[in-house]
Amino acid sequence: MSAPIPHQGQLAHSPVVLRGDQWWLESEAGSVPASDPAFTAVLDGFAQAMAAADRAVAGLRARRSKPSAPAPEGRR
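Attention in this report is confined to the structure presented alongside it. All of these numbers come straight from a predicted model, not from anything done at the bench. (Residues numbered from 1 in each chain as written. Predicted model: local features only at pLDDT ≥ 70, side-chain atom pairs only at ≥ 80, totals over all residues. Heavy atoms only, no water.)

**What about the overall build of the protein chain?**
Then comes step 1: What the protein chain contains, in helices and strands, is one helix and four strands.
Then comes step 2: When the helices and strands of the protein chain are listed from N to C terminus, the series reads β-β-β-β-α.
Then comes step 3: Here the protein chain, with 76 residues, has 17% of them falling under the buried criterion.
Then comes step 4: Of all intrachain contacts in the protein chain linking residues separated by at least 6 positions in sequence, the fraction that spans at least 24 positions is 30%. (Helix = DSSP H or I, 4+ residues; strand = E, 2+ residues; numbered from the N terminus. Buried < 20%, exposed > 50% of the residue type's maximum accessible area, 1.4 Å probe, protein only. Contact = heavy atoms within 4.5 Å.)

And the structure:
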């Protein structure tokens, strides 16, 4: 793999799963390890982008849940 992956498991509701440091393609017929370096590099990048998006959404939700500062008197 080209870079560390944020977490393991299924990748965005796809038939691709990360187990340890190996990507696997899964179907009802069984599992096959993904071994093409170009393909696994794309999977690594997509997993990193998904993790970054998850962090951004969590940050936005945290900001929305904080109470806003009260407006100074006389201002609207």
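That was the structure; now back to the text.
**Observations regarding the sheet that holds strand S1 (residues 9–10)**
Then comes step 1: Read across the open sheet, the four strands follow the order S1-S2-S3-S4; overall the sheet is antiparallel. Unpaired on one side and paired on the other, S1 and strand S4 (30–33) mark the two borders of the sheet.
Then comes step 2: Summarising the sheet, S1 and strand S2 (residues 16–19) pair through two bridges and their orientation is antiparallel. Bridge pairing in S2 links Gly9 to Leu18. (Pairing = 2+ DSSP bridges.)

**Details of the pattern of salt bridges**
Then comes step 1: Scanning the entire structure with this criterion turns up one salt bridge.
Then comes step 2: A salt bridge links Glu26 to Arg19, with the shortest nitrogen-to-oxygen separation between them at 1.9 Å.
Then comes step 3: Looking at Glu26, the relative accessible area reads 29%, which means it is partly exposed.
Then comes step 4: Taking relative accessible area as the criterion, Arg19 reaches 36% and is therefore assigned partly exposed. (Salt bridge = Lys/Arg side-chain N within 4 Å of Asp/Glu carboxyl O.)

**Describing the packing of aromatic side chains**
Then comes step 1: All chains considered together, the criterion is met by zero aromatic pairs.
Then comes step 2: Its end group placed over the ring of Trp24, Arg19 keeps NZ or CZ at 5.0 Å from the ring centre. (Phe/Tyr/Trp six-rings, centres within 6.5 Å; stacked < 30°, edge-to-face > 60°. Lys NZ or Arg CZ within 6 Å of the ring centre and 35° of its normal.)

**Quick notes on helix H1 (residues 37–65)**
Then comes step 1: The end-to-end C-alpha distance of H1 is 42 Å, a good match for the 42 Å that 29 residues give at a rise of 1.5 Å each.
Then comes step 2: Burial in H1 covers these residues: Thr40, Leu43, Asp44, Ala47 and Ala51.
Then comes step 3: Buried residues belonging to H1 abut S2 and strand S3 (22–27). (Expected span 1.5 Å × (residues − 1).)

**Some thoughts on the nonpolar core**
Then comes step 1: In terms of nonpolar packing, the biggest core is built from seven residues, these being Leu11, Val16, Leu18, Trp23, Ala34, Leu43 and Ala47.
Then comes step 2: Taken together, the elements giving at least two residues each to this core come down to S2 and H1.
Then comes step 3: With residues near it in sequence (within four places) discarded, Leu43 still touches Leu11, Val16 and Trp23. (Core = buried A, V, L, I, M, F, W, Y, C linked by side-chain atoms within 4.5 Å.)

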